[in-house]
Amino acid sequence: MRAVSRPNILLLESIHATAHEEFARHGVAVHTAAGALSEAQLVAALRGLPQDVPLLLGIRSKTQVTPAVLDATPALLAVGAFCIGTDQIALQAARERGVAVFNAPFSNTRSVAELVLGEIIMLSRQVFARSQACHRGLWHKSAEGSHEVRGKTLGIVGYGHIGSQLSVLAESLGMQVRYHDILPKLPLGNAQPCGSLNELLGLADFVTLHVPDTELTRGMFGVAELAVMKPGAALINASRGMVVDLAALREALERGRLSGAAVDVFPSEPAKAGDVFDSPLRGLDTVILTPHIGGSTQEAQANIGREVASSLSAYLGTGSTTGCVTLPNVDAAPLRSGARILNVHRNVPGVLSAVNQLMADSQVNITGQSLATVESIGLLHVDVPLRADDPKAQRLGAAIAALSTSLRTRVI
Ligand code: NAI
């Protein structure tokens, strides 16, 4: 046990410069490797860094953090996934070992909302079909089927981060916004909730989906829902690929029941850039197809760098775990004086009394304490009126770390 001094982070996969700036501000030493590392390379790189000060890892989507990596690097305190998903990390294994994992699920909200807004106008003016005709040498000048979006109704399914931001942007274009969500959601601006999905589908000129991938949403948009949509309406899906039945959508478009669609996400997507793409929607000039780029902007990457680096820095500095996907979420206040002992432990009866007994035995007063648990894991903050480098604080930290229930303990 020793007080926090010059923590180290290994950053892989060309993480955005905003993360480097954030770590520099918090005194974290950054070590980098440009690409993803294999399991063995990752273990070697992590073990090559000091093991007696906090050790962190930052990755994007290509580096796999397996249980074997976690077992081989007991000094690893936290992993930052500088991306949206965390599928590349063995989350349960990280939780069981007390390793904090942070990601940035909402950093690209604005990027998705802007793309959808653009697509609404493109669909309304048949821009893609007209543009393709021009490329083929055809001058297809006509107002037929082209409309302004002002005054039209936008139906948003899923009024979360993206849906609600889109709502505000669409109103600024003069659209009427209606939404449907399974949870009661406060309307922004003049938007109004609909009593049911079918009510929304019956009155929207554009329906846009912003729901997560759940048992309820998988296949939620099929023949029946498309049949209830207003004739000539358009459908946009930039949420998750399994939400829409693409064969049914193609049929509705071919029959002219819907005027168009924009689809960014697919039930099965190619693994990497440059791979072959196929979809039942290929070849329809009323459909805008994009390769899952809704959230892919430079601004989103910059936001991700900033957000994950600041979560990791907060965890180092105060023990705050807001947004952590493996540990209980605690928004810990910064320490005004004294030290904080942070103990991640197995959530079994008696931990708090064992820790408090150690505190009592060493005659150290507790100035603040908080305990949060989630499933098998507990997170305990104990504030004490000692400096972090005071030998007494260090001895206490070591004694707490030695409890059989302790997974990760440090004094900050
Ligand atoms: P969020 O979690 O903030 O909002 C989702 C909303 O959907 C919540 O309000 C929730 O209550 C609601 N909902 C859940 N089940 C529902 C149901 N059966 N019917 C109606 N509403 C339901 O999520 P956020 O950030 O707005 O993302 C929405 C979707 O967009 C997610 O699927 C996400 O994976 C996807 N996404 C796609 C991107 C892209 O590149 N195309 C980039 C970022 C997110």
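Counting restarts for each chain, with residues numbered from 1 along the sequence as it is written. Whole-chain, interface and lining totals are the exception, using all residues; otherwise, since this is a predicted model, local features are given only for residues with pLDDT of at least 70 and side-chain atom pairs are given and counted only at 80 or more. To obtain the side-chain values, all non-hydrogen atoms of the structure were used and water was disregarded.

Q: Is there a simple way to explain the overall build of the protein in this structure?
A: Numbering of helices and strands runs from the N terminus, with a helix taken as a DSSP run of H or I at least four residues long and a strand as a DSSP run of E at least two residues long. Scanning the protein for helices and strands turns up 13 helices and 16 strands. Seen through its principal axes, the protein has C-alpha atoms that stretch 85 × 45 × 35 Å. Relative accessibility decides the category of a residue: with a 1.4 Å probe and only protein chains considered, values under 20% of the type maximum give buried, values over 50% give exposed, and everything between is partly exposed. Classification of the 412 residues of the protein by burial places 48% in the buried group. Here the analysis covers contacts within the protein between residues at least 6 apart in sequence; of these, 64% occur between residues at least 24 apart. Taken as a whole, the protein presents about 19,200 Å² of accessible surface, with 54% of it coming from carbon and sulfur. Contacts are assigned to residue pairs that have any heavy atoms within 4.5 Å of one another. Surface accessibility in these figures is a Shrake-Rupley result with a 1.4 Å probe; residues are shielded only by whichever protein chains are displayed.

Q: I keep staring at the pattern of salt bridges and nothing clicks. Help me out?
A: Any two side chains of opposite charge can pair, so long as their charged atoms come close to each other. Whenever a carboxyl oxygen of Asp or Glu lies within 4 Å of a side-chain nitrogen of Lys or Arg, that contact is scored as a salt bridge. Applying the stated criterion across every chain yields a total of 15 salt bridges. Asp213 is the partner of Arg240 in a salt bridge, and the nearest nitrogen-oxygen pair spans 3.9 Å. Placement of Arg240 in the loop between strand E10 (234-237) and helix H10 (246-254) and of Asp213 in the loop between strand E9 (206-209) and helix H9 (223-228) is noted, with a sequence separation of 27 residues between them. You can call Arg240 partly exposed: its relative accessible area is 42%. Put simply, Asp278 and Arg282 hold a salt bridge, and the shortest N to O gap is 3.2 Å. Residue Arg282 is classed as partly exposed on the basis of its relative accessible area of 45%. The network of salt bridges with shared partners includes Asp71, Glu96 and Arg97.

Q: When you look at the layout of surface pockets in this model, what are you seeing that I'm missing?
A: Once rolled over the atoms, a probe with the size of a water molecule shows which space is left empty. A volume near 480 Å³ is recorded for the second largest pocket. Elements supplying a minimum of two residues to the lining of the second largest pocket: helix H5 (109-124) and helix H6 (127-135). For the lining of the second largest pocket, the element with the most residues is H6, which contributes 5 residues. Cavities and pockets are defined on a 1 Å grid built over the protein atoms alone: a cavity is a set of grid points where a 1.4 Å probe fits but cannot escape, while a pocket is an open set with protein on both sides within 12 Å along at least five of seven lines, and lining residues are those with an atom within 4 Å of any such point. Grid points are joined across faces, edges and corners, and a volume is the space filled by probe spheres set on the points.

Q: I'm lost on the site of the ligand in this one. Help?
A: Around the ligand sit 26 residues, and of these His161, Ile162, Asp181, Val211 and Asp264 come closest. A distance of 2.6 Å separates an oxygen atom of the ligand from a polar atom in the side chain of Asp181. In protein, a polar contact means a hydrogen-donor-capable atom and an acceptor-capable atom, both N or O and within 3.5 Å, with residues adjacent in sequence counting only if both atoms are side-chain atoms; elsewhere, any N or O pair within 3.5 Å suffices. Residue Gly295 places a main-chain N or O atom 3.0 Å away from an oxygen atom belonging to the ligand. When the free accessible area of the ligand is taken as 870 Å², the share hidden by the protein chains comes to 86%. Residue composition of the shell around the ligand, by class: 11 nonpolar, 11 polar and 4 charged. Residues are labelled near a given molecule or strand when at least one of their non-hydrogen atoms is within 4 Å of it. Under the grouping applied here, Gly and all other residues not named as nonpolar or charged are polar, the nonpolar ones being Ala, Val, Leu, Ile, Met, Phe, Trp, Tyr, Cys and Pro and the charged ones Asp, Glu, Lys and Arg.

Q: Quick question: what am I supposed to make of H6 here?
A: Helical periodicity: at 3.6 residues per turn, an α-helix aligns residues three or four positions apart in one direction. Inspection of H6 places Ala129, Arg130 and Ala133 among the buried residues, and these make up the whole buried set. Each buried residue of H6 lies within a common arc of 95° when the element is viewed along its axis, so the set occupies one face. Positioned one or two residues after H6, Gly137 has a phi angle of 90°, which is positive. What the arc measures is the spread of directions leading from the helix axis to the C-beta atoms.

Q: It is not clear to me how the sheet that holds strand E12 (residues 287-289) should be interpreted in this structure. Could you clarify?
A: Backbone-to-backbone hydrogen bonds join strands into a sheet, with any given pair of strands oriented parallel or antiparallel. Judged by pairing direction, the sheet is parallel, and its 7 strands sit side by side in the order E8-E7-E6-E9-E10-E11-E12 without closing on themselves. The sheet is open, and its two borders are formed by strand E8 (192-193) and E12, each paired with just one other strand. Every axis corresponds to a line fitted to the C-alpha atoms, with the helix fit spanning only the stretch in contact, and the corresponding angles, defined between N-to-C directions, vary from 0 to 180 degrees. Each of strand E6 (153-157), strand E7 (176-180) and E9 touches helix H7 (residues 161-172); the most contacted strand, E6, lies at about 170° to it. Paired strands, in this sense, are two strands between which DSSP finds at least two bridges.

Q: Sorry if this is basic, but what is going on with the environment of Ile412 here?
A: You can see Ile412 is positioned in the segment after strand E16 (406-411). Judged by its relative accessible area of 11%, Ile412 falls in the buried class. Placed 177 residues apart in sequence, Ile412 and Leu235 show a C-alpha to C-alpha distance of 52 Å.

Q: Even after reading the chapter, I still don't get unusual backbone geometry, so can you show me in this structure?
A: Its identity as a non-glycine residue notwithstanding, Glu13 has a phi of 60°, on the positive side. For Glu13, the position within the fold is in the loop between strand E1 (8-12) and helix H1 (17-25). Not every positive phi belongs to a glycine, and Ser14 is a case in point at roughly 50°. Following the sequence through the fold, Ser14 ends up in the loop between E1 and H1.

Q: What am I meant to see in the sheet that holds E16 here?
A: An order of E14-E15-E13-E16 is seen for the 4 strands of this open sheet, with the pairing classed as antiparallel. Of all the strands in the sheet, the pair left with one neighbour each is strand E14 (368-374) and E16. Between one strand axis and the next, the sheet turns through 10° on average, direction left out of account. Bridge count between strand E13 (residues 339-346) and strand E15 (residues 377-384): 8 bridges; the pairing is antiparallel. The partner of Ala339 across the bridge, within E15, is Val384.

Q: Quick question: what am I supposed to make of the packing of H5 against H7 here?
A: Pairs of packed helices are described in terms of their axes, by the angle between the two and the distance that separates them. Packing of H5 against H7 brings their axes to within 9 Å, and their N-to-C directions diverge by 50°. Judged by the angle between their axes, H5 and H7 are oblique. Judged by the twist between their axes, the crossing of H5 over H7 is right-handed. On H7, the residues touching Thr109, Arg110, Val112, Ala113, Glu114, Val116 and Leu117 of H5 are His161, Ile162, Gln165, Leu166, Leu169 and Ala170. Residues belonging to the contact of H5 with H7 are distributed by class as follows: 8 nonpolar, 3 polar and 2 charged. We call two directions roughly parallel when the angle between them is under 35 degrees, roughly antiparallel when it is over 145, roughly perpendicular when it lies between 65 and 115, and oblique otherwise. Each crossing gets its hand from how the near helix is turned against the far one by less than a right angle, where anticlockwise is left-handed and clockwise is right-handed.

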